[in-house]
Amino acid sequence: MSVILVINSGSSSLKYELIDVDAREKLASGLIERIGERTGRATHTTGLPEPVEGNELALTGSASSSERSRELPVRDHTAAFQVMLEAFAERGPSLEEHPPVAIGHRVVHGGKRFFEPTIITDLVKINIEDLSELAPLHNPANLQGIEAAQAMFPDVPHVAVFDTAFHQTLPPAAYTYAIDAELAEKYRVRRYGFHGTSHKYVSEQAAEFIGKPVTEVKQLVLHLGNGASITAVDGGRSVETSMGLTPLEGLVMGSRSGDLDPAVLFHLHRKAGLSFDQLDTLLNKHSGLVGLSGTRDMRDVLERRAEGDEAATLAFDVYVHRLKGYVGAYSAQLGRLDVISFTAGVGENAAPVRAAALAGLERFGIKIDEERNSERSDETRKISTDASEVTVLVVPTDEELEIARETLAVAAPESQRRE
Ligand SMILES: Nc1ncnc2c1ncn2[C@@H]1O[C@H](COP(=O)(O)OP(=O)(O)O)[C@@H](O)[C@H]1O
Ligand SMILES: CC(=O)OP(=O)(O)O
Ligand SMILES: [Mg+2]
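- For the protein chain, an unreviewed UniProt entry supplies the name Acetate kinase and the organism Agromyces bauzanensis.
- The record held by UniProt for the protein chain lists under Subcellular location (unreviewed entry) the comment "Cytoplasm".
- Turning to the protein chain, the UniProt record has this under Catalytic activity (unreviewed entry): "acetate + ATP = acetyl phosphate + ADP".

**What to know about the overall build of the protein chain**
- Looking only at helices and strands, the protein chain features 15 helices and 14 strands.
- In terms of overall dimensions, the protein chain is globule-like: its C-alpha atoms have a radius of gyration of 21 Å, near the 22 Å expected for 419 residues.
- In terms of overall dimensions, the protein chain has C-alpha extents of about 60 × 50 × 45 Å along its principal axes.
- Within the protein chain, contacts between residues at least 6 apart in sequence are counted, and of these 66% link residues at least 24 apart.
- With an accessible surface of roughly 19,700 Å², the protein chain has 50% of that area assigned to carbon and sulfur atoms.
- The protein chain carries 43 positive and 62 negative side-chain charges, and their two centres are separated by 4 Å.

**Observations concerning the layout of surface pockets**
- Within this model, the second largest pocket holds a volume of roughly 1,000 Å³.
- Around the second largest pocket, the lining comprises 25 residues; the ones closest to its centre are L245, T246, L248, L265 and L283.
- Every element with two or more residues in the lining of the second largest pocket is listed here: helix 7 (263-272) and helix 8 (276-285).
- Broken down by element, the residue count for the lining of the second largest pocket peaks at six residues, all from helix 8.
- By residue class, the composition of the lining of the second largest pocket is 16 nonpolar, four polar and five charged.
- Formed jointly, the lining of the second largest pocket draws a minimum of three residues from each of two domains, domain 1 (3-162) and domain 2 (213-399).

**Here's the deal with the site of ligand 2**
- Every residue close to ligand 2 is listed here: G10, S11, R106, V108, H138, D163, F194, H195, G227, M243, P247 and R256.
- In this structure, H138 approaches ligand 2 through a side-chain N or O atom, which is 2.7 Å from an oxygen atom.
- G227 places a main-chain nitrogen or oxygen 3.1 Å from an oxygen atom of ligand 2.
- For ligand 2, the protein covers 93% of the area, taking 270 Å² as the surface of the free molecule.
- Here the shell around ligand 2 is built from residues that sort into four nonpolar, five polar and three charged.
- Among the domains, domain 1 (3-162) and domain 2 (213-399) are the pair contributing at least three residues each to the shell around ligand 2.

**Remarks on the nonpolar core**
- Ranked by internal contacts, the top residues of the largest apolar core, which has 43 residues, are L220, L224, Y319, I340 and V353.
- Sorting the residues of this core by element identifies strand 9 (218-224), strand 10 (228-234), helix 10 (298-306), helix 11 (310-334), strand 12 (339-343), helix 13 (351-357) and strand 14 (391-394) as the ones contributing at least two each.
- Sorting elements by how many residues they give to this core places helix 11 first, with ten residues.
- Beyond its immediate chain neighbours, meaning those up to four positions away, Y319 contacts L224, A228, V252, L289, M298, V346 and V353.
- The next biggest cluster of nonpolar side chains, apart from the first, holds 26 residues, and it includes L18, I32, A79 and A149.

**So, the confidence of the model for the protein chain**
- With 95% of its residues at a pLDDT of 70 or more, the protein chain shows a mean pLDDT of 92.
- In this model residues 58-63 is a low-confidence stretch, pLDDT under 50, and it forms ten contacts with partners more than four residues away in sequence or in other chains.
- In the predicted assembly, ipTM is 0.97 and pTM is 0.90.

**Here's the deal with the packing of aromatic side chains**
- Per the stated rule, a full pass over the model turns up three aromatic pairs.
- Positioned over the ring face of Y175 is R190, at 3.8 Å from the centre of the ring.
- Taking NZ or CZ as reference, R305 lies 3.7 Å from the ring centre of F316, over its face.

Cut-offs applied
Residues numbered from 1 in each chain as written. Chains lettered and ligands numbered in written order. Predicted model: local features only at pLDDT ≥ 70, side-chain atom pairs only at ≥ 80, totals over all residues. Heavy atoms only, no water. UniProt positions renumbered as here; feature names shortened; annotations may be inferred. Helix = DSSP H or I, 4+ residues; strand = E, 2+ residues; numbered from the N terminus. Rg over C-alpha atoms; globule rule 2.2 N^0.38 Å. Contact = heavy atoms within 4.5 Å. Areas by Shrake-Rupley, 256 points an atom, 1.4 Å probe, with all protein chains shown as cover. Lys, Arg positive; Asp, Glu negative; His and termini not counted. Charge placed at Lys NZ, Arg CZ, Asp CG, Glu CD. 1 Å grid on protein atoms, 1.4 Å probe; cavity = no way out; pocket = protein on both sides within 12 Å on 5 of 7 lines; lining within 4 Å. Points joined across faces, edges and corners; volume = space filled by probe spheres on them. Nonpolar A, V, L, I, M, F, W, Y, C, P; charged D, E, K, R; others polar. Domains from an automatic or database assignment. Near = heavy atom within 4 Å. Polar contact = N/O pair within 3.5 Å; in protein donor to acceptor, adjacent residues only side chain to side chain. Core = buried A, V, L, I, M, F, W, Y, C linked by side-chain atoms within 4.5 Å. Buried < 20%, exposed > 50% of the residue type's maximum accessible area, 1.4 Å probe, protein only. pLDDT = per-residue confidence, 0-100. Phe/Tyr/Trp six-rings, centres within 6.5 Å; stacked < 30°, edge-to-face > 60°. Lys NZ or Arg CZ within 6 Å of the ring centre and 35° of its normal.

Below is the structure:
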């Protein structure tokens, strides 16, 4: 038996999947989104597709799959966990009939302490909580998910899979901030990087798609969700990434500012009288797309931009301008570039963002095919022209599958799963 329940508590959502890793079957998946907003939405999908030999797991498109969505307010991640359990009870599959052998939890910040999947003990929880100050939107949500899941499933191992783990290979020149070295050491101030599970998974999928071993590929992964980050992956190792000490640095995000001159903070503190807690909230929750346009959802930004809305147009322009700058900078770091992959909510769905971020880069060997870019699909696909030196892909990320595999490997190693 190798059924794993994966809990991915994002900043504004809870995603879950029940996966039979050995049988390569996804038994159910769900998304509870807009947590904390006036109306949230819960979607639960079930399906028992036939496993396909040598193929990746597929949930959608199965004749026997069914999906149900409902609108309801969801206060926080504890409430979201209850909504998930109700969905399993009402729509199946029964958790009694498919009992998970372990629960895999996405945990965003693992600091320097956690660099591999880890069985969750009380001490591990204390450490995750300690790291909350470095990931205030995420670690508290992750912990709520862990607590709720442990109460529900007290007898199985719970495993934490950290967003930061994949970035342990960053070289010192990439992870060191140019500040007082002693202070930085004492307070563990350095770049950690996030979305590692996704960057790892997508970079491996991309290499497979172009038919090369990942060890031979130089690539960029653009993970554009609510949080957004870009990673340069050289031979399967993360060598540069845009998020830093916390998931605030780098790209423009749904509600986070990404990069700015640190002096903006001193200025707003001194002149506008904002406290550091207020500044923290400002940059994490009221900036990015929502700060510029009033909505943090790229779907709304695109719609309003199409209607000529000025604020939405500027928000879009700032978003892609930053992205393009990073593509250029990281290409220079890699020296040669084979593949660029777009992934996560915005990366997989927002064709105008992809087109604008890579527009005008023909002289750098990057050329998007407009028609390919505007097609929709749930599969990995190429969106560059055949003449483009750099292959540009859309790769659906699957953090849950990656977490399930890593969880099973730690909680129930293959040697113990013979009968
Ligand atoms: N069809 C779409 N077009 C444009 N943007 C989309 C679309 N679907 C989802 N998104 C964007 O993706 C974001 C969520 O991305 P996701 O990767 O699910 O986020 P999270 O960081 O919560 O895991 C939404 O806020 C929205 O901006
Ligand atoms: C680390 C991070 O930003 O995660 P998310 O995209 O889920 O908000
Ligand atoms: Mg995400």
